[in-house]
Amino acid sequence: MKVRAPRPSQVVCINGSEIGPGTRAQIDLPLVDLSTRVPLTMPVHVVNGRRDGPQLFVSAAVHGDELNGVEIIRRVVKLSALKRLRGALIAVPIINVPGFLNLSRYLPDRRDLNRSFPGLTKGSLAARLAKLFLDEVVVGSTHGIDLHTGAVHRDNYPQIRVNLDDADAERMARAFGVPLVINAGFPEGSLRAAAREHGVPVIVYEAGEALRFDEAAIRAGVKGVMRVMRELGMLLPLRSTKPAHDPLILRSSQWVRAPSSGVVRAIKPIGARVKTGQILAIVSDPLGETETEIEAPVDGVVIGRTNLPLAHEGEALFNIGLTTGTQVVARTLDDFDPLEEYKSGATGELAKTEPEIV
């Protein structure tokens, strides 16, 4: 892994454009044309502070149907706090533009963009897009936050995925302020793995469901991005930005699968604490003549769950994060209420308008 050097100057260079200190700019990175010859571009919003500091990229929709991150970025770039920014914020709300237009996780060739990094200039569509984003955005950055959701019909409880062997990434993960941090390796071909090779620590925020806005997840994401920026010294710290409790560190997780096909009646909600043997859901035929209880195989937290009430035998239904120390789990999860925090102005920046809710 290369060692990331400090940001050398206050000028941000993307696609041949130079954005000087104290200025903003929107740059459209050229992608491939549609079959109708209509050009596609990737929108990049640059906010360059008046004073030097880290260069943080915040990206979303590497999977085209994961929309919460798009809204998180829209709100972040409108915050008045950015007038006092040190360093630069590179905001990319939609990486996978073709997938976004098609409401699809994948690119038109059915490739997963987040398994196509570092990419190739003359490779597939996915490889070319990955190479463009890596060269124009990631390589010039010092840190990164990649925003995700669960898949279609699957919900993720707000969580950070990070490799805890990276001290800088762990610091960002803890600062983000959501209650769960999951120690995760580097999937081959992922954006996070490619960034690591260039010495750029990246954390992944997972929350909500594909093709849906989740207001609590969005607000927690906006607040988390701002917390990380304060932790990195890009914004002045606030006394109230420290999370009420340290996050719960999960070292592993386990999927619970449907023992039979049928109609699923979920009992445990997303974010619930569970003990071994507790009933997670019941699978039955439509008339309820045959019913099968699904029990938790371990103590843990429901970090992901299907929202579809129909299942085939073997289908993944619940994702349980394994943990011990239930008192710590209870305190960490019960104190997490992003909507309540925003209502009360607990962050010290109670907004007068909707984008200023951090």
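As a starting point, this report considers the structure included with it.

Thresholds, definitions, all that
Residues numbered from 1 in each chain as written. Predicted model: local features only at pLDDT ≥ 70, side-chain atom pairs only at ≥ 80, totals over all residues. Heavy atoms only, no water. Patch = residues over 30% accessible without salt bridge, like charges linked within 9 Å, V, L, I, M, F, W, Y side chains within 5 Å. Areas by Shrake-Rupley, 256 points an atom, 1.4 Å probe, with all protein chains shown as cover. Salt bridge = Lys/Arg side-chain N within 4 Å of Asp/Glu carboxyl O. Lys, Arg positive; Asp, Glu negative; His and termini not counted. Charge placed at Lys NZ, Arg CZ, Asp CG, Glu CD. Helix = DSSP H or I, 4+ residues; strand = E, 2+ residues; numbered from the N terminus. Buried < 20%, exposed > 50% of the residue type's maximum accessible area, 1.4 Å probe, protein only. 1 Å grid on protein atoms, 1.4 Å probe; cavity = no way out; pocket = protein on both sides within 12 Å on 5 of 7 lines; lining within 4 Å. Points joined across faces, edges and corners; volume = space filled by probe spheres on them. Nonpolar A, V, L, I, M, F, W, Y, C, P; charged D, E, K, R; others polar. Phe/Tyr/Trp six-rings, centres within 6.5 Å; stacked < 30°, edge-to-face > 60°. Pairing = 2+ DSSP bridges.

1. Brief notes about a positive patch on the surface
Piece 1. A cluster of like positive charges, contributed by R24, K78, K83 and R84, occupies part of the molecular surface.
Piece 2. Tracing the backbone through its elements, the reader meets K83 in the loop between α1 (68-77) and β6 (86-92).
Piece 3. Accessibility expressed as a relative area gives 70% for K83, which makes it exposed.

2. Some remarks on the layout of surface pockets
If a probe the size of a water molecule is rolled over the atoms, the empty space left behind becomes visible.
Piece 1. Space inside the largest pocket adds up to approximately 630 Å³.
Piece 2. Around the largest pocket, the lining is made up of 33 residues, and of these R105, R115, N156, R161 and E206 lie nearest the centre.
Piece 3. Looking at the lining of the largest pocket, the elements with two or more residues in it are β7 (143-148), β8 (154-162), β9 (180-183), α5 (191-197), β10 (202-208), β12 (253-257) and β17 (300-306).
Piece 4. Tallying contributions element by element places β8 first for the lining of the largest pocket, with 4 residues.
Piece 5. The residue makeup of the lining of the largest pocket, split by class, is 8 nonpolar, 13 polar and 12 charged.

3. Considerations on the packing of aromatic side chains
Piece 1. Per the stated rule, a full pass over the model turns up 2 aromatic pairs.
Piece 2. Between F57 and F133, the ring centres sit 5.9 Å apart and the planes meet at 85°, which makes this aromatic pair edge-to-face. Remark: F133 occurs in helix α3 (residues 125-138) and F57 occurs in strand β5 (residues 51-60); sequence separation between them is 76 residues.
Piece 3. By relative accessible area, F133 is classed as buried at 0%.

4. A look at the sheet that holds strand β13 (residues 262-266)
Piece 1. Taken together, 4 strands build an open sheet; the order of strands is β16-β15-β13-β18 and the sheet is antiparallel. A strand with exactly one partner marks an edge of an open sheet, and here the two such strands are β16 (291-295) and β18 (310-311).
Piece 2. Judged from the 4 bridges that link them, β13 and strand β15 (residues 279-284) form a sheet pairing that is antiparallel. Paired with R265 across the bridge in β15 is I282.

By themselves these figures say nothing about function.
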